[in-house]
Amino acid sequence: MPFAALLEREGAVLAPMASFSDAPFRLLASGFGALWTVSEMIMSRSLLQGSQGALELLRFHPAEGLRIAQLAGSDPEEVAEAAELAASLAGLRAIDLNMGCPMPKVVSRGAGAALLDDPKRAARMVELVRRRTGLPVSVKLRLGNRGESVLPLALALQDAGAALLRVHGRTARQRYGGRADWNKIAAVAAAVSLPVVGSGDVRSVRDYRQRRALGLGVALARGALGRPWIFAEVRGLAVDREEKREAALRHLRLHLSWYEQHGQTRALRAFRGHLGHYLAAAPAAERRRAMKSEDPALVEESLWRWAGAEGSA
Ligand SMILES: Cc1cc2nc3c(=O)[nH]c(=O)nc-3n(C[C@H](O)[C@H](O)[C@H](O)COP(=O)(O)O)c2cc1C
């Protein structure tokens, strides 16, 4: 996985988002030129136990070329075993390790952001996953749990052979509050010789250009919800309203066929997270009606009317 070569191109990465960055949304993002995409977070132990939920998260669409799965866990041996299994089941091109998730149910198990305080264990995880799979390993970090320096950790991960660091510019304690500090992300990039991708609060083409000017790769998460075309816009391409509406409809149809085995009603309900974002500019009553609907034709009609209506990024 030539991360450095990909980052020379204009464009942004789709950051993993639990409940959102599934195969249909990843395909939309790639179609608009996302540099690469990453699966939702998968707990290593659940995968090794054969949990249906974990296997579902590892499902890639046949049209997805660059397959990268994100794994979380606390025990380096267990995560390496899960990585090997995931790589063979899904034909992965790289593994992304989550060392940034601040959710108590993840951290209390010694996974996610808990690893920020344990550079030795974090480095061992990278080394074992790399050795066991032979794949490049990227790592997702935050700016420490409470703002302590992550430079020792970043250097340890580099020595362990990590191929890329993706840094969310907040501490774990901040969760999603406050502003992401891109100067601190740039300080991490200056301390290592690895490519670094920053993430946090990029919502527009202007935001993207400002972050790019720091010499960093840029990942988008919430800024891409309801606006997958932002990946084309940050590459300097104009996307007109018609294309945006068509993209939203394409997303819905892809989603319904991807989750066909769950039945149409459940599949449509599972689209509501995305739908709320596509209908951000709709009047509240219309939005509510579409969000409650179990009729795909009505949802399509609302998408056609409101997707992309907020103007361009
Ligand atoms: C709903 C949601 C789910 C997320 N799930 C994950 C995840 O599974 N793995 C991960 O590394 N980061 C996850 N993140 C963090 C994002 O990848 C990203 O780092 C963060 O949201 C900051 O970027 P943004 O301001 O562009 O959203 C999630 C964020 C959100 C909002």
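Residues numbered from 1 in each chain as written. Predicted model: local features only at pLDDT ≥ 70, side-chain atom pairs only at ≥ 80, totals over all residues.

Colleague: I tried to follow the overall build of the protein chain on my own but got confused; where do I start?
Modeller: Helix and strand content of the protein chain: 16 helices and eight strands. Relative to the globule expectation of 20 Å for 313 residues, the C-alpha radius of gyration of the protein chain, 19 Å, shows essentially globular dimensions. With the C-alpha coordinates aligned to their principal axes, the bounding extent of the protein chain is approximately 55 × 45 × 35 Å. Here the protein chain holds 313 residues, and 47% of them are scored as buried. The contacts of the protein chain with a sequence gap of at least 6 include a subset with a gap of at least 24, amounting to 67%. (Helix = DSSP H or I, 4+ residues; strand = E, 2+ residues; numbered from the N terminus. Rg over C-alpha atoms; globule rule 2.2 N^0.38 Å. Buried ≥ 20, exposed ≤ 12 C-beta atoms within 10 Å, placed from the backbone. Contact = placed C-beta atoms within 7 Å.)

Colleague: Would you take a moment to explain the domain arrangement of the protein chain for this structure?
Modeller: By a frequent convention, interface size equals the accessible area lost on bringing the separate parts together. Structurally, the protein chain comprises domain 1 (3–233) and domain 2 (241–306). If you average the C-alpha positions of domain 1 and of domain 2, the two centres end up 28 Å apart. If you look at the interface, domain 1 gives 11 residues, while domain 2 gives 13 residues. Of the residues contributing to the side of domain 1 that touches domain 2, the split by class is nine nonpolar, two polar and no charged. (Domains from an automatic or database assignment. Nonpolar A, V, L, I, M, F, W, Y, C, P; charged D, E, K, R; others polar.)

Colleague: Help me understand the sheet that holds strand β3 (residues 68–72), please; the structure alone is not making it clear to me.
Modeller: The sheet built from eight strands is open, its strands ordered β1-β8-β7-β6-β5-β4-β3-β2 with parallel pairing. Pairing within the sheet leaves two strands with one partner each, and these edge strands are β1 (13–14) and β2 (41–43). In this structure, strand β7 (residues 196–199) lies alongside strand β8 (residues 217–220), joined through three bridges in parallel fashion. Of the residues in β8, the one forming a bridge with Gly 198 is Val 218. Here helix α9 (residues 182–191) sits on the sheet and contacts β6 (164–168) and β7; the angle it forms with β7, its principal contact strand, is near 170°. (Pairing = 2+ DSSP bridges. Axes fitted to C-alpha atoms, helices over the stretch in contact; angles between N-to-C directions.)

Colleague: What's the story with the site of the ligand in this structure? I'm lost.
Modeller: Lining the immediate environment of the ligand, one finds 21 residues, of which Ala 15, Met 17, Met 41, Ala 221 and Arg 222 sit closest. Grouping the amino acids of the shell around the ligand by side-chain chemistry returns 10 nonpolar, seven polar and four charged. (Near = placed C-beta within 6 Å.)

Colleague: Just to check I follow, could you spell out the environment of Ala 69 for this structure?
Modeller: Looking at where Ala 69 falls in the secondary structure, it is placed in strand β3. Under the C-beta neighbour-count criterion, Ala 69 is labelled buried, with 26 such atoms within 10 Å. For Ala 69 and Arg 287, which are 218 residues apart along the polypeptide, the C-alpha to C-alpha distance reads 33 Å. If sequence neighbours within four positions are ignored, Ala 69 has contacts with Ser 39, Ile 42, Leu 58, Ala 86, Ala 90, Leu 92, Ile 95 and Asp 96.

Colleague: What is the right way to read the packing of helix α5 (residues 76–90) against helix α7 (residues 119–133) from this model?
Modeller: Between two packed helices, the angle of one axis relative to the other and the distance separating the axes together describe the packing. Between α5 and α7, the shortest axis-to-axis distance is 8 Å and the interhelical angle comes to 30°. The pairing of α5 with α7 is recorded here as roughly parallel in orientation. Considering only the axes of α5 and α7, their crossing is right-handed. Note on element contacts: α7 touches α5 through Arg 121, Arg 124, Met 125, Leu 128, Val 129, Arg 132 and Thr 133, opposite Pro 76, Glu 77, Val 79, Ala 80, Ala 83, Glu 84 and Ala 87. (Parallel < 35°, antiparallel > 145°, perpendicular 65-115°, else oblique. Left-handed = near helix turned anticlockwise from the far one by under 90°.)

Colleague: Teacher, can you tell me more about unusual backbone geometry here?
Modeller: The bulk of non-glycine residues show a negative phi, and the bulk of peptide bonds are trans. Phi at Arg 175 is positive, roughly 50°, even though this residue is not glycine. Along the polypeptide, Arg 175 turns up in the loop between β6 and α9. Look at Asp 201: it is not a glycine, yet its phi comes out positive at around 70°. Tracing the sequence through the fold places Asp 201 in the loop between β7 and α10 (205–212). Taking the C-beta count within 10 Å as the criterion, Asp 201 has 20 such neighbours and is therefore assigned buried.

Colleague: How should I be thinking about the environment of Glu 77 in this particular structure?
Modeller: Looking at the element boundaries, Glu 77 is found in helix α5. Owing to 13 C-beta atoms within 10 Å, Glu 77 belongs among the partly exposed residues under this scheme. Taking the C-alpha atoms as reference points, Glu 77 and Met 125, separated by 48 residues in sequence, lie 7.3 Å from one another.

Colleague: Looking at this structure, I do not really get helix α16 (residues 296–306). What am I missing?
Modeller: Given 3.6 residues per helical turn, the α-helix brings residues three or four places apart onto the same face. For α16, the set of buried residues is Val 299, Ser 302, Leu 303 and Trp 306. Mapping the buried residues of α16 onto a view down its axis gives an arc of 100°, with all of them on the same face. The exposed residues of α16 that point more than 90 degrees off its buried face are Ala 297 and Trp 304. The inward-facing, buried residues of α16 contact α12 (241–258), α13 (264–270), α14 (272–278) and α15 (284–292). Following α16 by one or two positions, Gly 308 adopts a phi angle in the positive range, close to 80°. (Arc of directions from axis to C-beta.)

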